[in-house]
Amino acid sequence: MKLLVAAMASELAAFPEELDGFDQLVTGEGKMQAVFALTRALDAKEYSEVVVVGTAGGIDPELEATAHEIGSALQHDVFDLDGVAGQHVSLPARVSTGREGVLIATGDSFVGDAGITAVIRPSGAGLVDMETYAYIWVAQQFGVPIRAFRAISDRAEDGALVDFREAIARCSVQLREVIRREYGV
C-alpha cells in the first residue's frame, strides 16, 4: 500500500475518494503540520512509498505551468548560527527524493511577492511551496521511498494568492493525470 499525501483537500479534488493501492492523507498547510501528520501516518502503518501531490509557485520562468516531479528540496526560510540563509542549525541544507527532478524551496509562508521570489531564485530552486522539504525529511527518517509532484499554480509574485485560488482545480486535474500515468490508477 502507498500513501498519497496532499496539504489541502482541494489539491485532491480531481481524485476519487478511493484510489486502488493508495491510502490518502491531508496534512494541512506548512512544515509543522506536514511533519506531524506524516509522522503519525508512517508510525501507524507501513507503506511501500509516499507519493506527494500538490501545488507550488513557479519561480523559474522557464518552467512550464504544469506538473513537475521534485528531485530535492531546501528550506528558504531558515538560517544557521552564522546567518547563512537556507542552512538550518541541525537539519540538512537539502533533502532528496533520490529521483531526477526540480529543486523546490520550502518555507512556512505563502510566497506572493516579487521581492521574496527574487531572494529565493538564486538558490537554484524552480518552485516554491510550504511542505515538500518536511515530507521528504520525514519519509527519510522512516526509510520509506518518496516521490513528490507539484503543479504550478502561480508565479509566486504580486497577485499570486488570487491566481492560486483560481488554479487549484486545474492543478488537481494535472496531478491526477500524473498519478494515472505513473501508477496506472
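In what follows, the accompanying structure is described. (Residues numbered from 1 in each chain as written. Predicted model: local features only at pLDDT ≥ 70, side-chain atom pairs only at ≥ 80, totals over all residues. Heavy atoms only, no water.)

1. Comments concerning the environment of A151
Position of A151 relative to the elements: it lies in strand β8 (residues 146-154). Along the chain, A151 and R99 lie 52 residues apart, while their C-alpha atoms are 17 Å from each other. (Helix = DSSP H or I, 4+ residues; strand = E, 2+ residues; numbered from the N terminus.)

2. Notes on the pattern of salt bridges
Inspection of the entire model under this criterion finds nine salt bridges. Two residues, E69 and R147, come together in a salt bridge whose shortest N-O distance is 2.9 Å. Highlighted residues: E69 in strand β4 (residues 67-75) and R147 in strand β8, separated in sequence by 78 residues. Each member of the pair, E69 together with R147, is buried. Through salt bridges that share partners, E69, R99, R147, R181 and E182 make up one connected network. (Salt bridge = Lys/Arg side-chain N within 4 Å of Asp/Glu carboxyl O. Buried < 20%, exposed > 50% of the residue type's maximum accessible area, 1.4 Å probe, protein only.)

3. Re the nonpolar core
L3, V5, L38, L42, V50, L127 and Y135 are the most contacted members of the largest nonpolar core, which has 32 residues in total. The biggest single contributor to this core is helix α3 (residues 132-142), with six residues. Look past the residues within four positions of L38 in its chain and what remains in contact with it is L3, V5, L25, T27, V50, Y135, V138 and A139. In this structure, L4, V53, A67 and I179 belong to the second largest nonpolar core, which totals 16 residues. (Core = buried A, V, L, I, M, F, W, Y, C linked by side-chain atoms within 4.5 Å. Contact = heavy atoms within 4.5 Å.)

4. Brief notes about helix α1 (residues 31-44)
In an α-helix, one turn spans 3.6 residues; hence positions three or four apart end up facing the same way. Taking 1.5 Å per residue, 14 residues should reach 20 Å; α1 reaches 20 Å between its end C-alpha atoms and fits that length. Among all positions of α1, only K31, A34, A37, L38, A41 and L42 are buried. Considered in projection along α1, the buried side chains sweep an arc of 145° and stay on one side of the axis. Counted as exposed and oriented over 90 degrees from the buried face of α1: M32, F36, R40, D43 and A44. Summarising the contacts, the buried residues of α1 are in contact with β1 (2-6), β2 (22-26), β3 (49-58), β4, β6 (102-106) and α3. (Expected span 1.5 Å × (residues − 1). Arc of directions from axis to C-beta.)

5. What about the packing of α1 against α3?
The interhelical angle for the contact between α1 and α3, taken along N-to-C directions, is 30°, at an axis separation of 9 Å. Taken together, the axis directions place α1 and α3 in an arrangement best described as roughly parallel. Considering only the axes of α1 and α3, their crossing is right-handed. Mapping the contact onto sequence places K31, A34, V35, L38, T39, L42 and D43 in α1 and A134, Y135, V138, A139 and F142 in α3. Considered class by class, the residues forming the contact of α1 with α3 number nine nonpolar, one polar and two charged. (Axes fitted to C-alpha atoms, helices over the stretch in contact; angles between N-to-C directions. Parallel < 35°, antiparallel > 145°, perpendicular 65-115°, else oblique. Left-handed = near helix turned anticlockwise from the far one by under 90°. Nonpolar A, V, L, I, M, F, W, Y, C, P; charged D, E, K, R; others polar.)

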